[in-house]
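Chain by chain, the residues run as shown.
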Amino acid sequence: MSAAIDPDLVRRAAQRDPRATSALLTELRPGLVRYCRARLGRIGGAYTTADDVAQEVCIAVLRALPQYRDEGRPFAAFVYAIAAHKVADAQRAAIRDSAVTPTEAVLDRPDAAPGPEQQAVATDLARRLSALLGRLPEAQREIILLRVAVGLSADEVGVVMGMSAAAVRVAQSRGLARLRTLAGSALDEVTAA
Amino acid sequence: MSTTNPPDGLPTIAADDALLDALGQGTLPADADEVAEMLAVWRADLDPSDEAFEEVDTAPVVVLKPRRFARVIMSAAAGAILLTGLGVATYQSEPGGPLWPITEVVYPQQAEIRAAENAIALAGAALTAGNRDEAARQLDEADAHVARVDDEPAARRLRGEIDTLRKRLAAASPSTPAPHPSPSTQPTPSTSPGTAANPAPSAPVSPSPSPEPSSRPGLLPSLLPGLPLPTLPPLLGN
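Residues numbered from 1 in each chain as written. Chains lettered and ligands numbered in written order. Predicted model: local features only at pLDDT ≥ 70, side-chain atom pairs only at ≥ 80, totals over all residues. Heavy atoms only, no water.

Looking only at helices and strands, chain A features nine helices and zero strands. Its helices and strands taken in sequence order, chain A reads α-α-α-α-α-α-α-α-α from the N to the C terminus. Within chain A, the fraction of its 193 residues that count as buried is 47%. By sequence separation, contacts in chain A at least 24 residues apart represent 60% of the contacts at least 6 residues apart. Carbon and sulfur atoms provide 54% of the accessible area of chain A, an area that totals close to 9200 Å². (Helix = DSSP H or I, 4+ residues; strand = E, 2+ residues; numbered from the N terminus. Buried < 20%, exposed > 50% of the residue type's maximum accessible area, 1.4 Å probe, protein only. Contact = heavy atoms within 4.5 Å. Areas by Shrake-Rupley, 256 points an atom, 1.4 Å probe, with all protein chains shown as cover.)

Residue and element names in this part refer to chain A. A complete count under the given rule lists four aromatic pairs over all chains for this structure. Ring centres of Y68 and F78 lie 4.7 Å apart, and the angle between their planes is 50°; this geometry places the pair in the tilted category. Here F78 lies in helix 4 (residues 75-97) and Y68 lies in the loop between helix 3 (48-64) and helix 4, a separation of 10 residues in the sequence. We classify Y68 as buried; its relative accessible area is 12%. Judged by its relative accessible area of 18%, F78 is buried. Here a set of aromatic residues connected by ring pairs shows up, and it is made of Y68, F75 and F78. (Phe/Tyr/Trp six-rings, centres within 6.5 Å; stacked < 30°, edge-to-face > 60°.)

What follows is about the nonpolar core. L24, Y35, L65, F75 and Y80 of chain A together with L39 and W42 of chain B are the most contacted members of the largest nonpolar core, which has 70 residues in total. The element that contributes the greatest number of residues to this core is helix 2 (residues 18-40) of chain A, accounting for 10 residues. Leaving out residues up to four positions away in the same chain, L39 of chain B has contacts with L129, I144, V148 and L176 of chain A together with L23 of chain B. In this structure, A119, L139, V149 and A155 of chain B belong to the second largest nonpolar core, which totals 18 residues. (Core = buried A, V, L, I, M, F, W, Y, C linked by side-chain atoms within 4.5 Å.)

An ideal rise of 1.5 Å per residue puts 24 Å on 17 residues; helix 3 of chain A measures up with 24 Å between its terminal C-alpha atoms. Considered for burial, the residues of helix 3 of chain A that qualify are A50, V53, A54, Q55, V57, C58, I59, A60, V61, L62 and A64 of chain A. (Expected span 1.5 Å × (residues − 1).)

As a further point, take the packing of helix 5 (residues 108-128) of chain B against helix 6 (residues 132-147) of chain B. Residue and element names in this part refer to chain B. One can describe the packing of helix 5 onto helix 6 by two numbers: an axis separation of 8 Å at closest approach and a directional angle of 165°. The orientation of helix 5 with respect to helix 6, classified from their angle, is roughly antiparallel. Judged by the sense of rotation from one axis to the other, the crossing of helix 5 with helix 6 is left-handed. In this structure, helix 5 contributes E112, A115, A116, A119, I120, L122, A123, A126 and L127 to the contact, and helix 6 contributes E134, A135, Q138, L139, E141, A142, H145 and V146. (Axes fitted to C-alpha atoms, helices over the stretch in contact; angles between N-to-C directions. Parallel < 35°, antiparallel > 145°, perpendicular 65-115°, else oblique. Left-handed = near helix turned anticlockwise from the far one by under 90°.)

Another aspect to go through is the environment of L24 of chain A. Residue and element names in this part refer to chain A. Note that L24 resides in helix 2. L24 sits in the buried class, given a relative accessible area of 0%. Considered as a pair, L24 and D6 are 18 residues apart in the sequence and their alpha carbons are 8.9 Å apart. In this structure L24 touches I5, L9, V10, A13, L65 and F75, once residues within four positions along its chain are discounted.

It is worth spelling out the state of the cysteines at this point. The final tally for this structure, using the stated rule, is zero disulfides over all chains. The structure places no disulfide on C58 of chain A, whose sulfur is separated from the nearest cysteine sulfur, that of C36 of chain A, by 8.1 Å. (Disulfide = S-S within 2.5 Å.)

The terminal C-alpha atoms of helix 5 of chain B lie 30 Å apart, and with 21 residues this matches the ideal 30 Å at 1.5 Å per residue to within 8%. Just beyond helix 5 of chain B, the residue with positive phi is G130 of chain B, at close to 85°.

With a phi angle near 70°, R16 of chain A is a residue other than glycine that sits in the positive phi range. Topologically, R16 of chain A is positioned in the loop between helix 1 (7-14) and helix 2.

One pass over the structure, following the stated rule, counts 24 salt bridges over all chains. As a salt-bridge pair, R137 of chain B and E134 of chain B come within 3.3 Å of each other at their nearest N and O atoms. With R137 of chain B and E134 of chain B both in helix 6 and three residues apart, the pair spans about one turn of that helix. For E134 of chain B, a relative accessible area of 24% puts it in the partly exposed group. Shared partners join several salt bridges into a network, and the residues in it are R147, D155 and R169 of chain A together with D17 and D21 of chain B. (Salt bridge = Lys/Arg side-chain N within 4 Å of Asp/Glu carboxyl O.)

Looking now at the packing of helix 7 (residues 138-150) of chain A against helix 8 (residues 154-161) of chain A. Residue and element names in this part refer to chain A. Remark: helix 7 packs on helix 8, axes separated minimally by 10 Å, with the N-to-C direction vectors making an angle of 135°. As judged from the angle between their axes, helix 7 and helix 8 are oblique. For the pair helix 7 and helix 8, the crossing hand works out as right-handed. Along the contact surface, helix 7 presents A139, E142, I143, L146 and R147, while helix 8 presents A154, V157, V160 and M161. A breakdown of the residues in the contact of helix 7 with helix 8 according to their chemical character gives seven nonpolar, no polar and two charged. (Nonpolar A, V, L, I, M, F, W, Y, C, P; charged D, E, K, R; others polar.)

Residue and element names in this part refer to chain B. Within the fold, R166 resides in helix 7 (residues 152-172). Residue R166 is classed as buried on the basis of its relative accessible area, which comes to 13%. Of the polar contacts made by the side chain of R166, one reaches the side chain of D140; its length is 3.1 Å. (Polar contact = N/O pair within 3.5 Å; in protein donor to acceptor, adjacent residues only side chain to side chain.)

Moving on, we get to the confidence of the model for chain A. Residue and element names in this part refer to chain A. Mean pLDDT for chain A: 82, with 82% of residues reaching 70 or above. Confidence, expressed as mean pLDDT per element, reaches its minimum in chain A at helix 5 (residues 103-108) with 46 and its maximum at helix 7 with 94. Every residue in residues 104-114 scores below 50 in pLDDT, and together they form 12 contacts with partners more than four places removed in sequence or on other chains. (pLDDT = per-residue confidence, 0-100.)

For the rest of this paragraph, the subject is the environment of V157 of chain A. Residues and elements named next belong to chain A. By the secondary structure assignment, V157 is in helix 8. Owing to a relative accessible area of 0%, V157 belongs among the buried residues under this scheme. Residues within four places of V157 in sequence aside, it is in contact with I143, L146, R147, L152 and V168.

Rendered as structure tokens:
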């Protein structure tokens, strides 16, 4: 589902072909849901808000589709530029309302209602990784997020981020190295505590 | 493992790139380190896994450590199922509902039918409440939506419902003529615009009662269309 979207499918969807639109949405949605969840985290312990934002992104993409012109840029760049805007809007709204604490603070908090043990362990691992990602420079974090959570290729990420694929590869390696370092020290902290 | 050297060497960059490619596909290479495992778990956690119903066999994932990462497969399958669920929910969404904007785009035909049904229901409610203007407005809107429905049986059903409501609307109308008269055009005596002198005698309007049409249906059928004739002669006299 992360392979480059068929340009023909995009073109037909842009012309309001209902089946193409539906197929396109089916391809896009999982990545968008993961992207919004990764960016926004569990707000109030659940992904509800993130999923709502993903839904808004889907609608925004469909609405903007007729204006999309294939100019050699991957379609993913078009989609994730919209997604980044929507997520930023949601974050600003959250800060403005101050009803929601920032993502990292939520992630550091212990789960109030843990499910079955395995689920809890997995969630805890994911949560820890989220916290580690929060300590990366913003560009590295976004690159790893787009590469792993969404599943975009280095080339696609390069277009989304406005940098060369080679620069993406260097930055992602630096990000991974940083994560490895952080994970090592974080583990030490956990075992020492 | 936690070396502090920045891994800018080409082999590391290529290996990291391959690792991220694999993780991005929801898979984990056999020689993955701890951070890679955490990334894989993190990605699986991001997958919409809440709606796990059925058909768990659609996971397009190659997982090298199946036991540990069965969860990844499950999540991918659940993601596919969620999509199906959303598709159905979108298909069945109602005007004004949270999924309606998507329905309008993805299922335009279904959206027209839903919108027509919605307008018909509102017209019925308005009629019941005695608000005839609103009912007429909603029925016009329903007509507009039905005109865009390609599915002929559905369109026929909707037109039937609209007709029924139009009849109720006409019946509920006080004194004012029915907004949608039936095509049986009865020429009214008011077709005398120039003659102010003599109002046409209203007597001819009630012509001779047709003599028992049921008696001899087979004989002389051509006589029946002659009914409107009596209204003509007095007008021409001027």
